[in-house]
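A look at the structure
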Amino acid sequence: MPLHHVTPQSVPIVGATVLRPTFVVENLNFYYGSNIALKNVNISVATKQVTALIGPSGCGKSTFLRTLNRMNDLIDGSRVEGKVLLDGTDIYARNVDVVHLRKRVGMVFQKPNPFPMSIYDNISYGPRIHGVTKSSVLNEIVERTLQGAALWNEVKDNLKKSAFSLSGGQQQRLCIARVLAVEPDVILMDEPCSALDPNSTFRIEQLIADLSEKYTIVIVTHNMQQAARVSQYTGFFMMGSLREFGTTGKMFTKPDDKETEAYVSGRFG
Amino acid sequence: MTTQEPPAPNADWLMVRRNAVNVICLTAAGLCALVALGALSLVLGYLVLNGFKALHLSTLVLGQMPQGEPGGGLRDGIVGTLMLLAVAAVIGIPFGILGGVFQIESKGKFAWTVRFFTDVLNSIPSIVIGLFVYTLVVLPIAAAHPGDGYSALAGGIALGVIMVPTVMRTTEEILRLVPSSLREASLGLGATQWRTMFSVILPAARTGILTGVMLAMARVAGETAPLLFTAFGSNMFSVKLDKPIDALPIDIYNDATSPYNYLHAQALAGAIILISMILLMSLITRYALGNKVLEQK
Amino acid sequence: MVTPVIQSDKSVAEFEPPAGRHAVPNSGRMADSIYRCVLFVASATILAIVLAIAVELTIASKPSIHQFGLRFFVTDSWDPVHLKFGAMSFILGTLYTSMWALLISVPISIGAAVFLSEIAPSWIRTPVSFLIELLAGIPSVVYGLWGLFVLTPWLITHVETPISNDKHLNHLWLFNSPANGSDFLAASLILAIMVTPYITAVSRDILRAIPNMVREGSLALGATQWETIRNVVLPYARAGIVGAVILGLGRALGETMAVTMVIGNADSHFNPALFSAGNTMASIIANEFAEASIDLYRSALTEIGLCLFLVTMLVNGCARLLIYFTAKDVQGGGRTA
């Protein structure tokens, strides 16, 4: 069944429910050893929309983001209870191929982390790993994704240069292009602009708006104004629980939960 | 990019192959570690299994017999090694610690040069150090006093020189870990620099420095090559500084390369004693001392 | 009262007493001068020792240098009776055994380092690292003992005799020598074992210094762990690992006792067959110096020592530079403007 681009008005929200979501998280508990970091999280992520996760430092929003592509598996002693359903299948089920999962659910990190290779090789890395060998195809992918990340014009003459020769904002857009190259369905962004200057931040926010027409995006941000600017849905985390989830418009003007209201009006955080 | 299409059959096979390669290569890396451990167990295992059998009380207590006559023990070698370590400590510890302190107290080209050449010293093969001490110490004494030359002093000097870079490097690293607030408190109270170093900073770093010293001594205790033409070895019991002296590694070497089986057994016993000494020194530093790098009162 | 001073990492030499105070009375100043003088002298002595080594060795080698000149290094003849000395056989012996030692040890060491750094959970990593480092603590003479009692007999029975009896194999230059036991093969194997802990430990440290973000970036794209190690982590660490290998080479070049005990100590011409006996620069000195009664003989051996000194200094210098530059690169993590 092909999925259409849905505008906020045509997707009814009842409490924290979203129709035709990409991710459905049910009763998620996450532990670091014996410490519980996420408590009973229930949330749905709308397809081809931008969902923002906000909350004070240490509230678990980044931890939650990383459960969506099982990056937390890399941490010794981490444990997950509950279900995370991607298009109906629990990604924590026994025989799930994590490698394939991470191809479908891509991630952009807080600090740009390009590989120590050329710009071209950074982007072709993903497709090559997944079996693309023809250089004509790779060339096309590199150009398309760099265009998609709004970086093409700046680097098209210098694709063989080291990725480290780019500025911070350019490196982050390179990392976004790198993720686009493996053709994910979902892009997770963990505070992607926190290490960047305002100009670069602005450009990346524009990029997010464009990308959300084709990809489902979940973005963690500590910048409330950014969440208000870029997202259609917002979830507010505090101390490991999801306190409220709804359309961005509602969350920032008339939230139901008291703590949410206190946070978005700046009384703490 | 719809999510409902089944993956192409090609993609399936690619995934299988990638996962297989992953498992194989990760296992291969583990096997490499296993091989390295295997080598260790072959060497240590053989020594432990056969060395303790050859170790008797007499080995520790008796002196050497002339070659060919059974009986005898490694007492001379053990005592000799301890003597040499003592002489080495007298040279290695002061120069090493002072050198480390100097690196802390001063920056600039000279300090950098000293550190660079200390690294060079660290990498010189120990037999070359033995050659150096021979030329510097043994020859002149032999020229002045014919018949003399080889001496415990020369052997100790060689071992001491080998110790210096290790002691210096660990002293410097430990001193850097001492919080600068300690130094500033002392200086702020009007103490002199040397007072500050000796009464405040060095005591705080005492454990770590001791660790470095012990590790250096453990390293030189097993050295044979530099002793071959300095301490030279001897088949008499001696604690004289100016005469040749026996040492455990020299005994092991001579016994192992001799044609007699009972001496081979003695060499094994010697190896066990030597390894036990070294292991003891290393373990003491790691566990009894090593957990507290800095004194915190 | 004492004004609190912010944490600084200035050396004491740059530290100024708080303004308006004389922190140290004059007698204290003198004591400090003596202090700094003592430190200076100690350090200068250390420096002097290294220079003295170079100088003394050169002086002691003079008779031999004078007599044989540069031919010393390219002549393969060692004749203490007629006092004709040429060290080429030993130089080749050193290079040959070190080459085989590295060929055997490097893959195993790097594999073990990758295992310890990337794969093993911490409850495996710590004890296994410790055990592998134990290998480095075993004295050379003890390795030689094991080599003599265990390795060489085993090699003779299980490797050398079968191969040299095999009519096809024993024509190869590699095996063209009677089974000896104490030979280049034994020496190379022992060197490989002795060098492994150093290469492993340094490589492991270099790999662990690579920031985790680089690995996560690769894994998040759907790469397997091995693909990440091979395509991202190892290339990043490449220069440092080369440095670690060169460090291992430096140790192999200077290794004396274990090699002496299993290399067979042949004065004859260098024969690259694995089963032939030989000598390295270090082993010939260990074997013959104590009995060298004639000045020229001793001087020739000392010249070999000088050569060894220069070679190891060069090799270790290169290694340290490589490791130093990799560490800087990795910590810098590339430019982020």
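Given the structure is predicted, the values throughout are model-derived calculations rather than measurements.

**Remarks on the overall build of chain B**
When you go through chain B residue by residue, the secondary structure sums to 11 helices and 0 strands. Its helices and strands taken in sequence order, chain B reads α-α-α-α-α-α-α-α-α-α-α from the N to the C terminus. For chain B, the C-alpha radius of gyration of 26 Å lies well beyond 19 Å, the compact-globule estimate for 297 residues. Dimensions of chain B, computed from C-alpha atoms along their principal axes, come out at roughly 95 × 65 × 35 Å. Across the 297 residues of chain B, 49% fall into the buried class. Intrachain contacts of chain B at a sequence separation of at least 6 include 75% that bridge at least 24 residues.

**Some points on the overall build of chain A**
Secondary structure assignment for chain A yields 10 helices and 12 strands. What you see for chain A is a C-alpha radius of gyration of 18 Å, in line with the 18 Å of a compact globule of 269 residues. Expressed along its principal axes, the backbone C-alpha trace of chain A runs to roughly 55 × 45 × 40 Å. Taken over 269 residues, chain A has a buried fraction of 49%. Restricting the contact set of chain A to residue pairs at least 6 apart, pairs at least 24 apart contribute 69%.

**Observations concerning the nonpolar core**
Nonpolar side chains in soluble globular proteins tend to be buried together. In terms of nonpolar packing, the biggest core is built from 265 residues, with Met217(B) and Ile190(C) touching the most fellow members. Of the residues forming this core, the biggest block, 17 residues, is contributed by helix H5 (residues 184-209) of chain C. When residues no more than four places from it in sequence are discounted, the contact partners of Ile190(C) are Tyr143(C), Gly147(C), Leu151(C), Ala258(C) and Val262(C).

**Observations concerning the interface of chain C and chain B**
Contacts between chain C and chain B engage 79 residues on the former and 76 residues on the latter. At 18 residues, helix H1 (residues 26-68) of chain C tops the list of elements feeding residues into the side of chain C that touches chain B. Tallied by class, the residues present in the side of chain C that touches chain B amount to 54 nonpolar, 21 polar and 4 charged.

**Description of the environment of Ala44(C)**
All names here are of chain C. Its place among the elements puts Ala44 in helix H1. Take Ala44: there are 14 C-beta atoms within 10 Å of it, and that puts it in the partly exposed class. Ala44 sits 182 residues away from Trp226 along the chain, and the two C-alpha atoms are 50 Å apart.

**Topic: the environment of Lys39(A)**
All names here are of chain A. Among the secondary structure elements, Lys39 is positioned in strand S4 (residues 35-46). With 21 residues separating them in the primary sequence, Lys39 and Gly60 have C-alpha atoms 9.4 Å apart. With residues near it in sequence (within four places) discarded, Lys39 still touches Asn29, Gly240 and Ser241.

**Some thoughts on the packing of helix H4 (residues 109-123) of chain B against helix H6 (residues 152-177) of chain B**
Residue and element names in this part refer to chain B. Remark: H4 packs on H6, axes separated minimally by 8 Å, with the N-to-C direction vectors making an angle of 130°. Compared by their axis directions, H4 and H6 come out oblique. Here the hand of the crossing between H4 and H6 comes out left-handed. Contacts between H4 and H6 pair Thr118, Leu121 and Asn122 from the former with Val164, Pro165 and Met168 from the latter. For the contact of H4 with H6, the class distribution of residues is 4 nonpolar, 2 polar and no charged.

**Observations concerning the packing of helix H3 (residues 119-129) of chain A against helix H6 (residues 168-180) of chain A**
Residues and elements named next belong to chain A. In the contact formed by H3 and H6, the axes pass within 7 Å of each other and the chain directions differ by 30°. Relative to H6, H3 is oriented roughly parallel. Considering only the axes of H3 and H6, their crossing is right-handed. Here Ile119, Asn122, Ile123, Tyr125 and Gly126 of H3 lie close against H6, whose contacting residues are Leu174, Ala177 and Arg178.

**Digging into the pairing of strand S6 (residues 78-86) of chain A**
Residue and element names in this part refer to chain A. Across 8 bridges, strand S3 (residues 21-32) lies against S6 in antiparallel orientation. The residue of S6 that forms the bridge with Glu26 is Lys83. Where S6 folds back onto strand S7 (residues 89-90) in an antiparallel hairpin, the turn is made up of 2 residues, including Asp87, whose phi is positive at roughly 50°.

**Considerations on the confidence of the model for chain A**
Chain-level statistics for chain A give a pLDDT mean of 87 and a share of 93% at 70 or above. Taken together, the stretch residues 1-14 of chain A has pLDDT below 50 and engages in 19 contacts with residues farther than four places along the chain or on a different chain.

**Re the sheet that holds S4(A)**
Residue and element names in this part refer to chain A. Spatial ordering of the open sheet is given by S4-S3-S6-S7, a layout of 4 strands whose pairing is antiparallel. Each having just a single partner strand, S4 and S7 make up the two edges of the open sheet. Judged from the 8 bridges that link them, S3 and S4 form a sheet pairing that is antiparallel. Pairing of Tyr31 across the sheet is with Ile36, part of S4.

**Digging into the sheet that holds strand S8 (residues 105-108) of chain A**
Paired through backbone hydrogen bonds, the strands of a sheet run either parallel or antiparallel to each other. All names here are of chain A. Spatially, 6 strands are ordered S8-S9-S10-S5-S11-S12 in an open sheet, and the strand pairing comes out mixed. Of all the strands in the sheet, the pair left with one neighbour each is S8 and strand S12 (241-247). For this sheet, the mean angle separating the axes of adjacent strands, direction not counted, is 20°. Inspection of the sheet shows S8 paired to strand S9 (residues 186-190) by 4 bridges, in the parallel sense. What sits directly across from Val105, in S9, is Val186. Of the strands in this sheet, S8 and S9 touch H6, which is tilted by about 170° from S8.

**Observations regarding the confidence of the model for chain B**
Confidence in the prediction of chain B, expressed as mean pLDDT, is 85, and 91% of residues score 70 or more. Taken over the whole predicted complex, pTM reads 0.84, whereas the ipTM for its chain interfaces reads 0.88.

**What about unusual backbone geometry?**
Note: most residues except glycine have negative phi, and most peptide bonds are trans. Residues and elements named next belong to chain A. Backbone geometry at Asn40 places phi at a positive 45°, although glycine is not the residue there. Position of Asn40 relative to the elements: it lies in strand S4. Of note in the backbone geometry, Glu191 takes a positive phi value of approximately 45° without being a glycine. With respect to the helices and strands, the residue Glu191 is situated in the loop between S9 and helix H7 (198-211). For Glu191, a count of 20 C-beta atoms within 10 Å translates into the label buried.

**A word on helix H9 (residues 206-221) of chain B**
Between the first and last C-alpha of H9(B) there are 22 Å, a value that for 16 residues agrees with the 22 Å anticipated at 1.5 Å per step. Taken across its 16 residues, H9(B) has 13 buried, putting it largely inside the fold.

**Focus: the pairing of strand S10 (residues 216-220) of chain A**
All names here are of chain A. Where burial is concerned, most of S10 is hidden: 5 out of the 5 residues are buried. Side-chain alternation along S10 places Thr216, Val218 and Val220 on one buried face and Ile217 and Ile219 on a second face that is also buried. By the bridge criterion, 5 bridges tie S9 to S10 in an arrangement that is parallel. The residue of S10 that forms the bridge with Val186 is Thr216. Handedness of the crossover is the feature at issue here: the chain leaves S9, passes through H7, returns alongside S10, and the resulting connection is right-handed.

**Observations concerning helix H8 (residues 193-204) of chain B**
Residue and element names in this part refer to chain B. For H8, with 12 residues, the first-to-last C-alpha span of 15 Å sits near the 16 Å given by 1.5 Å per residue. Every buried residue belonging to H8 is among Gln193, Thr196, Met197, Ile201 and Ala204, and all of these are buried. The buried residues of H8 all sit within an arc of 90° when viewed along its axis, so they share a single face.

**With respect to the environment of Tyr35(C)**
Among the structural elements, Tyr35(C) can be located in helix H1. Tyr35(C) gets classed as partly exposed once you count the C-beta atoms within 10 Å, which come to 19. Those residues in contact with Tyr35(C), other than ones at most four positions away along the chain, are Gln193(B) and Trp194(B).

The rules we used
Residues numbered from 1 in each chain as written. Chains lettered and ligands numbered in written order. Predicted model: local features only at pLDDT ≥ 70, side-chain atom pairs only at ≥ 80, totals over all residues. Helix = DSSP H or I, 4+ residues; strand = E, 2+ residues; numbered from the N terminus. Rg over C-alpha atoms; globule rule 2.2 N^0.38 Å. Buried ≥ 20, exposed ≤ 12 C-beta atoms within 10 Å, placed from the backbone. Contact = placed C-beta atoms within 7 Å. Core = buried A, V, L, I, M, F, W, Y, C linked by C-beta atoms within 7 Å. Nonpolar A, V, L, I, M, F, W, Y, C, P; charged D, E, K, R; others polar. Axes fitted to C-alpha atoms, helices over the stretch in contact; angles between N-to-C directions. Parallel < 35°, antiparallel > 145°, perpendicular 65-115°, else oblique. Left-handed = near helix turned anticlockwise from the far one by under 90°. Pairing = 2+ DSSP bridges. pLDDT = per-residue confidence, 0-100. Expected span 1.5 Å × (residues − 1). Right-handed = clockwise from strand over helix to strand, strands pointing away. Arc of directions from axis to C-beta.

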